[in-house]
Amino acid sequence: MSRPTLVLIDGSGYLYRAFHALPPLSNRMGEPTGALFGVFNMLRATLKEKPAHVAFVADASGPTFRDAIYAEYKAHRPPMPDDLRTQIEPMLALVGALGFPILRVPGVEADDVIGTLALQAAAQGIDVVVSTGDKDLAQLVSPHIHLVNTMTNSTLDADGVFAKFGVRPEQIVDYLALVGDSADNIPGVPKCGPKTAAKWLAEYGTLDGIVANADKIGGKIGESLRAALPQLPMSRQLATIKTDVELDVKPSDLAFAEPDATKLRELYARYEFKAALKELDAKEGAAETVVALQMVTPAANESAPAPSADRNYELILTQQHFDTWLEKLEVAELICIDTETTNLDPMRAEIVGVSFAVEPGHAAYVPLAHAYPGAPAQLSRDEVLAALKPLLEDARKPKLGQHAKYDMNVLSNYGIAVTGVSYDSMLESYVWNSSANRHDMDTLAKKYLGVDTIH
């Protein structure tokens, strides 16, 4: 018979990863929403699968037992950014309204709660999936416990742990004690990297075995090991996930609650999850909340035009087709142009294609040097660029680009001195919001137009 499944979500890990992965989004009131949006999006798979048992585990505030063991534990970390801190409570409110049980236990870390529940569940005949990107949790992997990374869509079982780290799951703690952990400020053996740690553990089996044979290890690395011997037990203790945390719940107690539609509506509206709110309106009263996310355009950008409903993209492979577009470019009031190249360095980049548009929702791409099995016949790069040269060098023809300086430098290598650049969406994005950490085309299209670009 199949075993039930418990999904344990590393909520604190979700929050940090979402915060650093997404641009600094905000709602109309200026409240940061990027991390909240990211966590919400990462929960979609679990909401869809509806496992028998589930818990969202997050760190509680305050010190933990590890701080008492080592005063410098995580001491080098900068304070949590205010933009992240203010999203913790909204995240917990949103997760709870979706129906996830939330666990936060003072004095220990989320990893310890996850470890305790994982071992309890496995002993009770429940398969465990830990949703995380934290390497420390690899020490929990067993025949009935494995890790899933939602960012990379990868699964880590015992074989995967060995393939990734070169050691077995039961050796991960000793491995971490040897290499140390810069993120948590756990001291390891200086100059001992992952390969050396894996080699020693393959030869001696455990950290204790390595310590017992420390005199046999020569060279500078041997001296480094022997100098580190006094602190290795502490490092191992810090790296070990606690699996006997006293909890008020058992794995079998953890299950989805009914979503709180009223609370969800309030949160969706406040933080401007437009598509999720529409979904709730369409399916209110259903047992499952389907999450389809799309951030509403921030109030500061309400004047931004909506994306064209009719998006027409043309691939140009013939001279006649190109000539038709050339005529459009010659009479256009504004020309948008972009190059596709082989390198981010404009001095080494070769042009493999050009794209252009003269009106919203209608654009064309001309491949010029695509080389792969089955690639179609393409126009001559030299001839296409020669035809475009008079237009690009005419200062009376206004042009729009995204990071136009790059395209201008690339085109200069082909003898084209671009003039008449009137707009640059990347520069305008920076001037409009210089605190944003992303000004690339994909981000701007999503943020201001709600459009996912084609890759």
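Calculation criteria
Residues numbered from 1 in each chain as written. Predicted model: local features only at pLDDT ≥ 70, side-chain atom pairs only at ≥ 80, totals over all residues. Heavy atoms only, no water. Buried < 20%, exposed > 50% of the residue type's maximum accessible area, 1.4 Å probe, protein only. Helix = DSSP H or I, 4+ residues; strand = E, 2+ residues; numbered from the N terminus. Arc of directions from axis to C-beta. Contact = heavy atoms within 4.5 Å. pLDDT = per-residue confidence, 0-100. Salt bridge = Lys/Arg side-chain N within 4 Å of Asp/Glu carboxyl O.

Caption draft 1: Molecular detail of helix 8 (residues 158-165). Listed in full, the buried residues belonging to helix 8 are G160, V161 and F165. The buried residues of helix 8 occupy one face: seen down the axis, they fall within an arc of 105 degrees. Those residues of helix 8 that are exposed and angled more than 90 degrees off the buried face are D159 and A163. The inward-facing, buried residues of helix 8 contact strand 6 (154-156), helix 9 (172-179) and helix 10 (194-204). Taken from the residues just after helix 8, G166 is the one with a positive phi, measuring 80 degrees.

Caption draft 2: Looking closely at the confidence of the model for the protein chain. For the protein chain, the average pLDDT comes to 88, and 94% of its residues sit at 70 or higher. In this model residues 285-305 is a low-confidence stretch, pLDDT under 50, and it forms 52 contacts with partners more than four residues away in sequence or in other chains.

Caption draft 3: Here's a closer look at the pattern of salt bridges. Enumeration over the complete set of coordinates arrives at 20 salt bridges. With a shortest N-O distance of 3.7 Å, R236 and D174 are connected by a salt bridge. Separated by 62 residues along the polypeptide, R236 in helix 13 (residues 232-239) and D174 in helix 9 bring together distant segments of the chain. For R236, a relative accessible area of 23% gives the class partly exposed. Among the charged side chains, a salt-bridge network with shared partners connects R66, K74, R77, E109, D112 and D184.

Caption draft 4: Representation of the environment of Y268. Examined against the element boundaries, Y268 turns out to sit in helix 14 (residues 261-271). C-alpha separation for the pair Y268 and L280, spaced 12 residues apart in sequence, amounts to 9.2 Å.

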